[in-house]
Structure formats: structure tokens, C-alpha cells
Amino acid sequence: MGHREGAPDPSGAPTEGPMIEVEGITKSFGSTTALGGVDLAADAGRVLALLGPNGAGKTTLVRILTTLLTPDAGRARVAGYDTVRDAAALRSVVGLTGQYAAVDELLTGRENLEMIGQFLNLGRAEARRRAAASLEEFGLADAADRRASTYSGGMRRRLDLAASLIGRPPVLILDEPTTGLDPPTRMDLWATMDGLVAAGTTVLLTTQYLEEADRLAHRIVVVDKGRVIASGTADQLKAELGGDLIELRVRHADGVDTAAAALNKLADGDLLIDRDRQRITFPAPDGADTLAAALGRLHDAGLAVDDIGIRRPSLDEVFLALTGHGASDSRDASSTSDASGDLTQADASPNSRRTR
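Just so it is clear, the model here is predicted, and its values are computed rather than measured. (Residues numbered from 1 in each chain as written. Predicted model: local features only at pLDDT ≥ 70, side-chain atom pairs only at ≥ 80, totals over all residues. Heavy atoms only, no water.)

**Observations concerning the side chain of Lys27**
The condition that has to hold: By definition, any uninterrupted DSSP run of H or I lasting at least four residues is a helix, any uninterrupted run of E lasting at least two residues is a strand, and each is numbered from the N terminus. Residue contacts are defined here by distance: any two heavy atoms, one from each residue, within 4.5 Å place the two residues in contact.
Inspection of the secondary structure assignment puts Lys27 in strand S1 (residues 18-29). If sequence neighbours within four positions are ignored, Lys27 has contacts with Thr32, Thr33, Ala34, Leu35, Thr60, Ile64, Leu69, Thr70, Pro71 and Asp72.

Structure below.
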């Protein structure tokens, strides 16, 4: 993408070290604890993924970081600004894009962006200049003078992201931005994020999509029930599962239980069985030797397999091991009253089981 028109304006923000700092943040809604003492940091010019199921507290933290909620305890800083003490100044250095595109459908794409620019006190001429540049950059120039109501979902998402960047914020917070998008549109948005980070933007990405965190994030923080339960790079988190895995697919569905019995001792009882796919996964601490032993046991049991091999753990398996459930099993404690995912910068400023 090269140097983009909307490259961040530093505005005195740090160029090294943490751009986002969260220390001991707590937040409760009545008797429900949404955040129970969260600590994390996002370095400048990097992507930090906040990974967790609905109900983990991700959006609550986003609302605190964008000054829409006040924490009960702890403190948070964005680009050096305290989210409580420096709330007004902080809004000028952060862009927010949520789960649903927040665009005015009665306005054209150009009018939407120019309006945001004027909200940010850019002046009419500068707002027009930045809007035109952003429309070109995000592939919307040909549709610039069409009403946003005629845009596809992917186009609305790009317009929403462009609106968040009109003020050239050094920090961009994306709260589940690809929710509901089809795979091609999702990949297009990933490419846009790559370009933003290459130009120096710091990104905090909240997501339920494990492959999204694996693809985009320099570092991942896993949260569940309002607390941080793991953090590190994707490779570091995968390594915590103990290295390589053996995955096999039994040819006949009625052979899954027989295969599990044959492999149970070899796997020390740590078998993940997916009956729908006739698939069994277990650790391979000795790599190829474990694979050879598994083949021998399956042969002795008279079982045929369609596929067997060694692979690295996936983030899905890491998440399941850490939390005991999938990435979309529950609901955010604050979601019934949470509309922050719809705000732009101007507003903010399956049948698997484990046997043991």
C-alpha cells in the first residue's frame, strides 16, 4: 500500500514501547463482573489481538479504552493519555470501528467522510481533501457519490474504516470488525489492516475468529470471564499444548470408538474425538515415532484410515484447552446495553469432546 494519505499523525504519541497500556482494570454491571483485573499492553505499530468468546469482556474493555465507560478500578492509557483524566484529548488519537458499519445511509460515501472530517474540526477544504484521498485508498472512489444505502456489506465496512481514519489516529481499535462478512470480504479487510500497520498504525483487534488472530496479530491476549488467561505470540500459545499433534480420519463411522480404544493408552487418554468428521486428534510427543506406533495399533485393531499425519496445534485447540469451550459459546455481560461497536472516531473520538 506504501505511504498512505491517512498515515497516523503522531500528535505527541509514543513511537516506541506500549501505545496501549491497561493495568488492573475492573468493571462490574450490578452483580456481574465484566472485567476482573485486566492487564495488557500493545506496542506501537503492532497488532494486539484480544481473543475470547462472547461474555469475555472484550467490548467492555473497548468502551473503557475509548472513554465510553469509566473503570471501577485500575487505569488505562492510550497514546500516553489516561482514559479518565485525559478523556477529551484521548478521543483525538484513537479511531474505533465496531461489529456493524456506522454510516449514514441517506448520505453518499463522500458526504459521510466529509461530515466526520468537519466533526473533527478539520475545516471544509481539508475534510474534502482527506475524504477524496480516503475514498481512493479504500477502493470507493467510483461509488463516492452514491448513497451508502446502495453499498454492499463489504463496501460499508470499508467506508466505516475510512471514517475512523479521517483524523489520522495513531491508534485504531477494531471491535470484531469482520463479524458477518463473507470470506472474500474478510480477506480484503485483512489486507487493508496490513497496510495500516505497515504505515505505522497501532491496532487493537477484538475477535472470536481464531484464524483472524493467527493471521493478523503480532501478539495475542486470551480473555475469558473477564480475566486474562494467556498471552503471547500465536506460536508461543500453540507451543503450550506440548508441540505436534497426530490427526487421523477413520474410514468407517463405526470404527471411531474402536480406534479411540486402540490409541487411548498411547495418547495417555488425551484424545479429542470429532464423531461427525470421524476424526481423532492427540499429542505426538515423540513425533514420527508416535505416528509409527499409532499406525501399528490401528493395524493390529484391523482399522482402515483415510488420512493420518502430524501437524502443529491450531489456535482453536489452544482456545479449547485454555477455556474448555469454543470461541462463541456465551454472551457479553454488558452486551444488552452496549452500542459502542457502532461508533466511529467522531463518536468515540460443534460435536467435539475430549476424553481423558
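**A few points about the sheet that holds strand S8 (residues 202-207)**
Our working definition: Paired strands are those between which DSSP finds at least two bridges. Axes, fitted as lines to C-alpha atoms, cover a helix only where it is in contact. Angles between the N-to-C directions of the axes lie from 0 to 180 degrees.
In spatial order, the strands read S6-S7-S8-S3-S9-S10; together these 6 strands make up an open sheet with mixed pairing. Strands at the two margins of the open sheet, each flanked by one partner only, are strand S6 (94-97) and strand S10 (227-232). Each adjacent strand pair in this sheet contributes to an overall mean axis angle of 15 degrees, direction not counted. With 4 bridges connecting them, S6 and strand S7 (residues 171-175) associate as parallel partners. Of the residues in S7, the one forming a bridge with Thr97 is Leu174. Against the sheet, helix H5 (residues 153-165) touches S6 and S7, its axis set at about 165 degrees to S6. Sheet strands in contact with helix H11 (residues 315-323) are strand S3 (47-51), strand S9 (219-224) and S10, and its direction is about 35 degrees off that of S9.

**A word on the environment of Gly80**
Formally: For each residue, the accessible area found with a 1.4 Å probe, counting protein chains only, is set against the maximum for its type, and the residue is called buried under 20%, exposed over 50%, and partly exposed in between.
Note on placement: Gly80 falls in the loop between strand S4 (73-78) and strand S5 (81-82). Look at Gly80 and you get partly exposed, because its relative accessible area is 48%.

**Comments concerning helix H1 (residues 58-65)**
The element H1 is largely enclosed, with a buried count of 8 among its 8 residues. For H1, the set of buried residues is Lys58, Thr59, Thr60, Leu61, Val62, Arg63, Ile64 and Leu65. Phi for Thr67, located one or two positions after H1, is positive at around 70 degrees.

**As for the sheet that holds S5**
Paired through their backbone hydrogen bonds, the strands of a sheet run either parallel or antiparallel. Read from one edge of the open sheet, 4 strands run S2-S1-S4-S5, paired in antiparallel fashion. Both outer strands of the open sheet, strand S2 (32-43) and S5, are each paired with one neighbouring strand and no more. As paired elements, S1 and S4 share 5 bridges and run antiparallel to each other. Within S4, the residue paired with Glu23 across the bridge is Arg75. Contacting S1, S2 and S4, H1 runs over the sheet at an angle of about 115 degrees to S1.

**Focus: the packing of helix H9 (residues 256-263) against helix H10 (residues 288-300)**
Going by this rule: The scheme is simple: roughly parallel for angles under 35 degrees, roughly antiparallel for over 145, roughly perpendicular for 65 to 115, oblique for anything else. When the near helix sits turned anticlockwise from the far one by under a right angle, the crossing is termed left-handed; a clockwise turn instead gives a right-handed crossing. Gly falls in the polar group here, along with every residue not listed as nonpolar (Ala, Val, Leu, Ile, Met, Phe, Trp, Tyr, Cys, Pro) or charged (Asp, Glu, Lys, Arg).
Axis separation between H9 and H10 bottoms out at 9 Å; the angle between their running directions is 130 degrees. By the angle between their axes, H9 is oblique relative to H10. The interaxial crossing formed by H9 with H10 has right-handed handedness. Every residue of H10 that contacts H9 at Ala259, Ala262 and Leu263 is listed here: Ala294, Arg297 and Leu298. Among the residues forming the contact of H9 with H10, the class breakdown is 5 nonpolar, no polar and 1 charged.

**A short note on the pattern of salt bridges**
Applied cut-off: The salt bridge definition used is simple: a Lys or Arg side-chain nitrogen within 4 Å of an Asp or Glu carboxyl oxygen.
Under the criterion given, the structure shown has 19 salt bridges. Note that Arg75 and Glu23 form a salt bridge whose closest N and O atoms lie 2.8 Å from each other. Remark: Glu23 occurs in strand S1 and Arg75 occurs in strand S4; sequence separation between them is 52 residues. With a relative accessible area of 42%, Arg75 lands in the partly exposed category. Classification of Glu23 as partly exposed rests on a relative accessible area of 33%. When salt bridges that share partners are traced, they join Glu21, Glu23, Arg75 and Arg77 into one network.

**Observations regarding the confidence of the model for the chain**
Close inspection of predicted coordinates is inappropriate in any region flagged by low pLDDT. Operational definition: The predictor attaches a confidence to each residue, called pLDDT, with possible values from 0 through 100.
Taken residue by residue, the chain gives an average pLDDT of 83. The fraction at 70 or more is 85%. Across the chain, element-level confidence peaks in S4 with a mean pLDDT of 97 and bottoms out in strand S15 (residues 352-355) with 31. Low pLDDT (under 50) marks residues 330-356, which in the prediction has 85 contacts with non-local residues, meaning those over four places away or in another chain.

**Some points on the packing of aromatic side chains**
Two measures describe an aromatic ring pair: the distance that separates the ring centres and the angle between the ring planes. Defined as follows: Any pair of Phe, Tyr and Trp rings, taking the six-membered ring for Trp, is counted once the centres come within 6.5 Å. Such a pair is stacked with planes under 30 degrees apart, edge-to-face with planes over 60 apart, and tilted for the rest. Any Lys NZ or Arg CZ found within 6 Å of a ring centre and within 35 degrees of that ring's normal is scored as a charge over the ring.
Per the counting criterion, the structure on display carries 0 aromatic pairs. The side chain of Lys27 reaches across the aromatic face of Phe29, ending 5.9 Å from its centre. We note Arg186 situated over the ring of Tyr209; from NZ or CZ to the ring centre the distance is 3.9 Å.

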